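Listed below, chain by chain, are the residues.
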Amino acid sequence: MRLVTWNVNSLKARLERVTAWLEMARPDVVCLQETKMADAAFPHLAFESMGYESAHHGEGRWNGVAILSRVGLDDVHPGFEDDDAPDTDARLLWATCAGVRVASAYVPNGRALDDDHYRYKLEWLARLQRNLEQHYSPEQHLAVCGDFNIAPDDRDVWSTTALEGSTHVSQPERDALAALEAWGLVDVFRRHYDADGLYSWWDYRGGAFHQGRGMRIDLLMVTEVVAAATAAVLIDRNARKGKPTPSDHAPVIADITQGADDG
DNA sequence: ATGGTCGCGCAGCGA
């Protein structure tokens, strides 16, 4: 199974780039974030014509997450799998694809450490942790994929000094990610690469992409059975180049060699 | 040079 996560920064603005990339990369399961559209506007037919079933959870102007699959798309569930009040934002979508439970997650940005949105970010991550603890086992085939808006460690940012005191690198955020790892999720990219300077997001401003000023915040967080079966991981930074205007995020790809029907 | 770039949607906010 070829599994992808990609924050597309508006699927309406990006549809041509996304469909062209799907033709090239031929993934089996794709988790999209920041579709920025209502459910009624989601282009299910465009993806169906390419062989993908699709599910979307969106609200309109902001947020919005989707899962595309050509290996089955079952037990779709928008939002957290609990009985608490629904999330104010459309940031999470679950589905089962070829025996792997998949989540497409768009973790809140946080904006600033003293902002209410930062507290919302930490609460959101704690609720995701509870979702895993209540419904799943680390022995299962599980992949939580998305824009985590957290750089796991200092290798994952272009400058620690420039980012000191800002979101994405703060200890509480990194602790929340570490708690997911302690439960049993693996940042599978790091199974394959130790180097710094490998990013998935670059600001549109100031030529950040060409200056190498980025962060690795788009993650494939998978259980050990999935990580062990992952033969290769790649960030396709070519998708951040050229015209029409690319997303500010590049897609992250994992090739999972073993079938998921044996566990 | 107190800006810079996008998307949404038509002002100014969010990223």
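I will try to describe carefully the structure that is included in this document. Predicted model, so just to flag it, every value in this text is computed and none were measured.

## Some details on the packing of aromatic side chains
Working step 1: Evaluation of the coordinates by the stated rule reveals six aromatic pairs.
Working step 2: The side chain of Arg-213 reaches across the aromatic face of Trp-158, ending 5.7 Å from its centre.

## Focus: the layout of surface pockets
Working step 1: Of the pockets and cavities examined, the largest pocket occupies roughly 520 Å³.
Working step 2: Along its surface, the largest pocket is lined by 27 residues, and Tyr-106, Asn-109, Asn-149, His-168 and Trp-201 are the ones closest to its centre.
Working step 3: Along the lines of polarity and charge, the residues of the lining of the largest pocket split into eight nonpolar, 10 polar and nine charged.
Working step 4: By volume, the second largest pocket is sized at about 200 Å³.
Working step 5: Contributing to the lining of the second largest pocket are Asp-203, Tyr-204, Gly-207, Ala-208, Phe-209, His-210, Arg-240, Lys-241, Gly-242, Lys-243, Thr-245 and Pro-246.

## Observations regarding the protein's contact with DNA strand B
Working step 1: In the region of DNA strand B, the neighbouring residues are Asn-9, Ser-10, Arg-14, Glu-34, Lys-36, Arg-61, Tyr-106, Asn-109, Arg-111, Tyr-204, Arg-205 and Thr-245.
Working step 2: Sugar and phosphate atoms constitute 76% of the interface atoms of DNA strand B, taking the interface as everything within 4 Å of the protein.
Working step 3: In this structure, Ser-10 approaches DNA strand B through a side-chain N or O atom, which is 2.3 Å from a phosphate oxygen.
Working step 4: Between DNA strand B and Arg-111 there is a distance of 2.7 Å, counted from a phosphate oxygen to a side-chain nitrogen or oxygen.
Working step 5: Looking at the surface near DNA strand B, its residues break down into two nonpolar, four polar and six charged.

## With respect to the nonpolar core
Working step 1: If you look at the biggest cluster of nonpolar residues, it comprises 32 residues, and the most contacted ones within it are Leu-3, Ile-67, Val-102, Leu-220 and Val-222.
Working step 2: Among the nonpolar cores identified, the runner-up in size contains 23 residues, and Leu-92, Ala-176, Trp-183 and Leu-185 belong to it.

## Concerning the pattern of salt bridges
Working step 1: Under the counting rule described, the total for this entry stands at 15 salt bridges.
Working step 2: Residue Arg-2 is joined to Asp-255 by a salt bridge in which the shortest nitrogen-to-oxygen separation is 2.7 Å. With Arg-2 in strand 1 (residues 2-7) and Asp-255 in strand 14 (residues 252-256), this pair connects stretches of sequence that are 253 residues apart.
Working step 3: Since its relative accessible area comes to 30%, Arg-2 is described here as partly exposed.
Working step 4: For Glu-173, the salt bridge is made with Lys-121, and the minimal N-O distance between the two is 2.5 Å. In this pair, Glu-173 sits in helix 4 (residues 171-183) while Lys-121 sits in helix 3 (residues 116-135), placing the two residues 52 residues apart along the sequence.
Working step 5: What you see here is one network of salt bridges that share partners, running through Asp-156, Asp-187, Arg-190 and Arg-216.

## Quick look at a negative patch on the surface
Working step 1: Together, Glu-48, Glu-53, Asp-74 and Asp-75 make up a negatively charged patch on the protein surface.
Working step 2: Topologically, Glu-53 is positioned in strand 3 (residues 53-57).
Working step 3: The exposure class of Glu-53 is partly exposed, given its relative accessible area of 41%.

## Description of the packing of helix 3 against helix 4
Working step 1: At a minimum axis distance of 10 Å, the contact between helix 3 and helix 4 shows a crossing angle of 5 degrees. For the element pair helix 3 / helix 4, the angle class is roughly parallel. On helix 4, the residues touching Tyr-118, Lys-121, Leu-122, Leu-125, Leu-128, Gln-129, Leu-132 and Glu-133 of helix 3 are Pro-172, Glu-173, Ala-176, Ala-179, Leu-180 and Trp-183.
Working step 2: Each residue belonging to the contact of helix 3 with helix 4 can be placed in one class, and the counts come to 10 nonpolar, one polar and three charged.

## Considering the sheet that holds strand 14
Working step 1: As summarised here, the arrangement of the six strands in space is 3-4-2-1-14-13, forming an open sheet in which the pairing is mixed. Strand pairing shows two members of the sheet lacking a second neighbour, strand 3 and strand 13 (230-235), which therefore form its edges. Adjacent strand axes in the sheet meet at a mean angle of 10 degrees when their direction is disregarded.
Working step 2: Seen against the sheet, helix 1 (residues 11-25) touches strand 1, strand 2 (29-33), strand 4 (65-69) and strand 14 and runs at an angle of roughly 160 degrees to strand 1.

Cut-offs applied
Residues numbered from 1 in each chain as written. Chains lettered and ligands numbered in written order. Predicted model: local features only at pLDDT ≥ 70, side-chain atom pairs only at ≥ 80, totals over all residues. Heavy atoms only, no water. Phe/Tyr/Trp six-rings, centres within 6.5 Å; stacked < 30°, edge-to-face > 60°. Lys NZ or Arg CZ within 6 Å of the ring centre and 35° of its normal. 1 Å grid on protein atoms, 1.4 Å probe; cavity = no way out; pocket = protein on both sides within 12 Å on 5 of 7 lines; lining within 4 Å. Points joined across faces, edges and corners; volume = space filled by probe spheres on them. Nonpolar A, V, L, I, M, F, W, Y, C, P; charged D, E, K, R; others polar. Near = heavy atom within 4 Å. Polar contact = N/O pair within 3.5 Å; in protein donor to acceptor, adjacent residues only side chain to side chain. Core = buried A, V, L, I, M, F, W, Y, C linked by side-chain atoms within 4.5 Å. Buried < 20%, exposed > 50% of the residue type's maximum accessible area, 1.4 Å probe, protein only. Salt bridge = Lys/Arg side-chain N within 4 Å of Asp/Glu carboxyl O. Helix = DSSP H or I, 4+ residues; strand = E, 2+ residues; numbered from the N terminus. Patch = residues over 30% accessible without salt bridge, like charges linked within 9 Å, V, L, I, M, F, W, Y side chains within 5 Å. Areas by Shrake-Rupley, 256 points an atom, 1.4 Å probe, with all protein chains shown as cover. Lys, Arg positive; Asp, Glu negative; His and termini not counted. Charge placed at Lys NZ, Arg CZ, Asp CG, Glu CD. Axes fitted to C-alpha atoms, helices over the stretch in contact; angles between N-to-C directions. Parallel < 35°, antiparallel > 145°, perpendicular 65-115°, else oblique. Contact = heavy atoms within 4.5 Å. Pairing = 2+ DSSP bridges.

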